[in-house]
Amino acid sequence: MSAPRSTSRGRGVGRSTGHHGEFLQGRFRCPVEGECPGLVTVPIGTVGSVAVFAPDASGAVRARTTGGARDLGKARRAAEATLAHLRERGALGCTGGELRIARTTAVGLGLGSSTADVLAAVRAVADCADVELDADTVARLAVAAEGASDPLWADRPILFAHRHGHVIEDLGATLPGMLLVRCVLGGPVDTLALPPAGSGDVAEYEELRGLLRHAVAAGDAAGIGAVATRSALLNQSRHHKPGLDRLIAAAERGGALGVQVAHSGNVAGLLFEREHPRERLRRACARVRAVGFRVSDAPIVIGGAA
């Protein structure tokens, strides 16, 4: 790490994308705890948070937002913890500062809004010290601030112990290219009030883990869609989404590969091949709307080279 910086150094800036729920979430065998809850997120770059940290000698972190009133307690705790971490290592000399956050992610729907705030805050404070924190440190700081955190810092698909802060398994280099169409199934959810896993036992989730690993390695988008659909159904015992069976049936009739959900939220994603003809995609979305669901007009590209 670099030498300690003056509190008069310029502002630090940090960014984080959001996500669109999970391909898989459940309880798995892991090398640290034996068994623990884990998840594989659906990365998207269309939403996220930007944080700006202005250091000072006040001894406190004050958090503000440019996007309306909301609880920034998690982001503030993350900034405080990062500040303490850097001060202990002699990399930053300030004792406080002002944290401002701008967010484009809807709150409480399972899109990673709080994690995006937290990661942006961690990165903004680190930027003040001209330090790039390693992934393990970022994960530890994020989980400590949130209680459960998404691995939005990862640049590849991983199975992450979101309540313990470590990687369970690296699943491969990249996801195959897919299109995701958002469907909203309800309002905001208190993530930490939910149990850690759905109705499947460890053996069932381990089977899905293996299938997902194989699908990532093979570039098999249909295999990923099948795992996502099964995980969404298992999660019904944990966080029930009315009409999910009906949504899955309509998506299948429209040629979708499967349906993924925010396991701790109320959005779902209809998954299609990257080259799915756009006219057929529009007809599939119309079919889903016809059975009573709100569907976005524009698909999101995930995975692949883009």
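Our structure's up above, just so we're on the same page.
All values reported here derive from a predicted model rather than from experimental measurement. Every chain is numbered on its own, with residues counted from 1 as its sequence reads. A pLDDT threshold of at least 70 governs which residues receive local features in this predicted model, and a stricter bar of 80 or more applies before side-chain atom pairs are shown or counted, although totals over entire chains, interfaces and linings include all residues. Side-chain calculation: all heavy atoms of the structure are included, whereas hydrogens and water are not.

**Considerations on the overall build of the chain**
Helix numbers and strand numbers start at the N terminus; a helix is a DSSP run of H or I with at least 4 residues, a strand a run of E with at least 2. Scanning the chain for helices and strands turns up 7 helices and 11 strands. Relative accessibility thresholds used throughout: buried, under 20% of the residue-type maximum; exposed, over 50%; partly exposed, between the two (1.4 Å probe, protein chains only). Here the chain, with 306 residues, has 54% of them falling under the buried criterion. Looking at the chain alone, contacts between residues at least 24 apart form 75% of all its contacts between residues at least 6 apart. Contacts are assigned to residue pairs that have any heavy atoms within 4.5 Å of one another.

**Overview of helix H1 (residues 73-88)**
Given a rise of 1.5 Å per residue, 16 residues ought to cover 22 Å, and the 22 Å separating the end C-alpha atoms of H1 matches this to within 8%. Those residues of H1 that are buried are in contact with strand E3 (61-65), strand E4 (96-103), helix H2 (113-128) and helix H3 (135-146). A positive backbone phi angle near 70 degrees is found at glycine 90, which sits one or two residues after H1. Between the first and last residue of a helix there are one fewer steps than residues, each counted as 1.5 Å, and that sum is the expected span.

**Observations concerning the nonpolar core**
As used here, the term nonpolar core means buried Ala, Val, Leu, Ile, Met, Phe, Trp, Tyr and Cys residues forming a set that is joined through side-chain atoms within 4.5 Å. Of all hydrophobic cores here, the largest spans 37 residues; its most connected members are Phe53, Leu86, Leu92, Leu99, Val125, Leu133 and Trp153. Counting only elements with at least two residues in this core, the list comes to strand E2 (34-56), H1, E4, H2, H3 and strand E5 (158-161). If one sorts the elements of this core by residue count, H2 sits on top with 10 residues. Of all hydrophobic cores here, the second largest spans 29 residues; its members include Ile168, Leu212, Val227 and Ala228.

**As for the pattern of salt bridges**
One speaks of a salt bridge when a side-chain nitrogen belonging to Lys or Arg is within 4 Å of a carboxyl oxygen belonging to Asp or Glu. Within the structure shown, the criterion is met by 15 salt bridges. Between glutamate 169 and arginine 213 there is a salt bridge, with the nearest N and O atoms lying 2.5 Å from each other. On the criterion of sequence distance, the pair formed by glutamate 169 in strand E6 (residues 166-170) and arginine 213 in helix H4 (residues 202-218) is long-range, its members being 44 residues apart. A relative accessible area of 34% means that arginine 213 is categorised as partly exposed. Linking glutamate 279 and arginine 283 is a salt bridge whose minimum nitrogen-to-oxygen distance equals 3.9 Å. In this pair, glutamate 279 and arginine 283 both sit in helix H7 (residues 278-290), 4 residues apart, roughly one turn of the helix. Glutamate 279 sits in the partly exposed class, given a relative accessible area of 41%. Several salt bridges converge on common partners, so that one network encompasses Arg29, Glu169, Glu206, Arg209 and Arg213.

**Considerations on the packing of aromatic side chains**
In this analysis, rings of Phe, Tyr and Trp, with Trp reduced to its six-membered ring, are considered paired at centre separations within 6.5 Å, and the interplanar angle assigns stacked below 30 degrees, edge-to-face beyond 60, and tilted for intermediate values. Applying the stated criterion across every chain, the model contains 2 aromatic pairs. Consider the rings of phenylalanine 28 and tyrosine 205, whose centres lie 5.8 Å apart with planes at 55 degrees: the pair is tilted. With phenylalanine 28 in strand E1 (residues 12-30) and tyrosine 205 in helix H4, this pair connects stretches of sequence that are 177 residues apart. Its relative accessible area of 0% is what places phenylalanine 28 among the buried residues. We classify tyrosine 205 as buried; its relative accessible area is 0%. Ring plane angle 80 degrees and centroid distance 5.5 Å describe the contact between tryptophan 153 and phenylalanine 160, whose orientation is recorded as edge-to-face. Just as tryptophan 153 is buried, phenylalanine 160 falls in that class too.

**Side note on H4**
Over its 17 residues, H4 runs 24 Å from end to end, which matches the ideal 24 Å to within 8%, given 1.5 Å per residue. Of all the positions in H4, only Val202, Tyr205, Glu206, Leu208, Arg209, Leu212, Ala215 and Val216 are classed as buried. Where H4 is buried, its residues touch E1, E2, E5, E6 and helix H5 (221-234).

**Quick notes on the side chain of threonine 41**
As for its placement among the helices and strands, threonine 41 is situated in strand E2. Setting aside its immediate chain neighbours within four residues, threonine 41 contacts His19, Gly21, Glu22, Phe23, Asp150 and Pro151.

**Re the pairing of strand E7 (residues 178-184)**
As a general feature of sheets, a regular strand has side chains that alternate between the two faces. The buried fraction of E7 amounts to 5 of the 7 residues, a majority that puts the element mostly inside the structure. By this definition, two strands are paired if DSSP reports at least two bridges between them. As paired elements, E7 and strand E9 (residues 267-273) share 7 bridges and run antiparallel to each other. Residue pairing for E9: valine 184 is matched across the bridge by valine 267. Summarising the sheet, E7 and strand E11 (residues 300-302) pair through 3 bridges and their orientation is antiparallel. From the neighbouring strand, methionine 178 faces E11, where its bridge partner is isoleucine 302.

**Describing the state of the cysteines**
What counts as a disulfide here is a pair of cysteine sulfur atoms lying within 2.5 Å. This structure, assessed with the given rule, holds 0 disulfides. Here cysteine 94 is not disulfide-linked; the sulfur of cysteine 128 is the nearest cysteine sulfur, at 6.2 Å. Look at cysteine 94 and you get buried, because its relative accessible area is 0%.

**Some words on the packing of H1 against H2**
Put simply, H1 and H2 touch, their axes get as near as 8 Å, and they point 30 degrees apart. Relative to H2, the element H1 lies roughly parallel. Two packed elements cross with a definite hand, and for H1 against H2 that hand is right-handed. Contacts between H1 and H2 involve Lys74, Ala75, Ala78, Ala79, Thr82, Leu83 and Leu86 from the first element and Ser114, Asp117, Val118, Ala121, Val122, Val125 and Ala126 from the second. Each axis is a line fitted through C-alpha atoms, and for a helix only the stretch in contact is used; angles between axes span 0 to 180 degrees, taken between their N-to-C directions. For classification purposes, angles smaller than 35 degrees are called roughly parallel, those larger than 145 roughly antiparallel, those between 65 and 115 roughly perpendicular, and all remaining angles oblique. Take the far helix as your reference; a near helix turned counterclockwise from it by less than a right angle gives a left-handed crossing, and one turned clockwise gives a right-handed crossing.

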